[in-house]
Number of protein chains: 2
Amino acid sequence: MKLTTKGRYAVLALTELALAKENSLVKITEIAVRQNISSTYLEQILLLLKNSDLIIGVRGPNGGYKLSTSPENIMISDIVNIVEGRMEAKGCVSKSGSCTGVSGRCLTHDLWDELSRHIELFLGQISLKDIIAGNVLGRSSPPKVLELK
Amino acid sequence: MKLTTKGRYAVLALTELALAKENSLVKITEIAVRQNISSTYLEQILLLLKNSDLIIGVRGPNGGYKLSTSPENIMISDIVNIVEGRMEAKGCVSKSGSCTGVSGRCLTHDLWDELSRHIELFLGQISLKDIIAGNVLGRSSPPKVLELK
DNA sequence: GTATTTCTTGACAAAATTACTCGGAAAATA
DNA sequence: TATTTTCCGAGTAATTTTGTCAAGAAATAC
Ligand code: FES
Ligand code: FES
């Protein structure tokens, strides 16, 4: 998986939008200043999210951004997938070229595959609403269940 | 989290060691050739694992590496943590400096924290033995449990 | 002891990725 | 028209990842 500041900025920015009053517009610079992020960098990121229709941009004076749907419908995995590019379990560089080849999977292939799936599952369960509600902890499956398995 | 080829090489190399006959030594070059990895690069990686006492290096003719303990006692999280450096949920760059500051946690803090914990938990449940046994799939907690929650 | 094999160590260089900047265009408002 | 804001493409700087090199140390075989 890949998780850089880009992804974190994106989630942070969208929490700000989620926090704003319904249908009100938030400017890039507002977010950038408040979060101490480069505003031109943030532009790039929000543009990606806008092109994927996760947010809506309005130009002109008093313009800005807003979420295209309500916070509970936007999952963190959506956001991260868009800005970081699809999480690829690129896999190993076995003799037979790329990992995707069906023929020669190495022993660790399933491991990384499963890890990716696991992460995606986790982030796919948490919405922007959960975040602004502080409803994140305890979301992970309880360890005891797995120990018993 | 951080997961680069370094971590994947490390796990791959250690599966090779786990696959070898008990107490037999495997040379760096053997692994490097078989997996098509730069042998000098692999040196670096195995050195880290050796300095953390996960593996044992024996010099001289017919030398090589072997696991310091049995495969079921070595968890993937151990390996990754060593070579990639401890997975840090570095967090955001809020106004008040670093994320670690107790004072100003942003809303996303818990999210990344929990994600890290989740990943570590997952990789901490899978041993080298599981990998060579192909016993990785189905390790993740079943989705339905979480849906019910 | 000498030669050979193999790990050990540290410093260095190439390549790739990430993070960020810049200059301007397009749309909306006033 | 002038101003504000998003949109867009390209380019640069910084950092990290990946890999190389050269020299040394320990063990073994002869
Ligand atoms: S990771 Fe090795 S074949 Fe896919
Ligand atoms: S991630 Fe924002 S304060 Fe820790």
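Structure: see above.
Residues numbered from 1 in each chain as written. Chains lettered and ligands numbered in written order. Predicted model: local features only at pLDDT ≥ 70, side-chain atom pairs only at ≥ 80, totals over all residues. Heavy atoms only, no water.

**Quick word on the protein's contact with DNA strand C**
Argument step 1. Around DNA strand C, the surrounding shell holds 27 residues, and the nearest of these are Thr5(A), Ser38(A), Gln44(A), Arg59(A) and Tyr65(B).
Argument step 2. Near the protein, meaning within 4 Å, the atoms of DNA strand C are sugar or phosphate in a fraction of 65%, with bases accounting for the rest.
Argument step 3. The side chain of Gln44(A) places a nitrogen or oxygen atom 2.8 Å from a base oxygen of DNA strand C.
Argument step 4. The side chain of Gln44(B) places a nitrogen or oxygen atom 3.4 Å from a base nitrogen of DNA strand C.
Argument step 5. Those elements that provide at least two residues to the surface near DNA strand C are α1 (5–19) and α3 (39–51) of chain A together with α3 (39–51) and β2 (64–67) of chain B.
Argument step 6. No other element matches α3(B), which puts five residues into the surface near DNA strand C.
Argument step 7. In the surface near DNA strand C, the residues fall into eight nonpolar, twelve polar and seven charged. (Near = heavy atom within 4 Å. Polar contact = N/O pair within 3.5 Å; in protein donor to acceptor, adjacent residues only side chain to side chain. Helix = DSSP H or I, 4+ residues; strand = E, 2+ residues; numbered from the N terminus. Nonpolar A, V, L, I, M, F, W, Y, C, P; charged D, E, K, R; others polar.)

**Regarding the protein's contact with DNA strand D**
Argument step 1. Not every one of the 27 residues close to DNA strand D is listed here, only the nearest: Ile28(A), Tyr65(A), Thr5(B), Ser38(B) and Tyr41(B).
Argument step 2. Counting only the atoms of DNA strand D within 4 Å of the protein, the fraction contributed by sugar and phosphate is 68%.
Argument step 3. Between DNA strand D and Ser38(B), the relevant distance is 2.5 Å, taken from a phosphate oxygen to a side-chain nitrogen or oxygen of the residue.
Argument step 4. One nitrogen or oxygen atom from the side chain of Arg59(B) is found 3.2 Å from a sugar or linking oxygen belonging to DNA strand D.
Argument step 5. At the level of secondary structure, the elements contributing two or more residues to the surface near DNA strand D comprise α3, β1 (55–58) and β2 (64–67) of chain A together with α1 (5–19) and α3 of chain B.
Argument step 6. When residues of the surface near DNA strand D are assigned to their parent elements, the largest contribution, five residues, is made by α3(A).
Argument step 7. A per-class count over the surface near DNA strand D returns eight nonpolar, twelve polar and seven charged.

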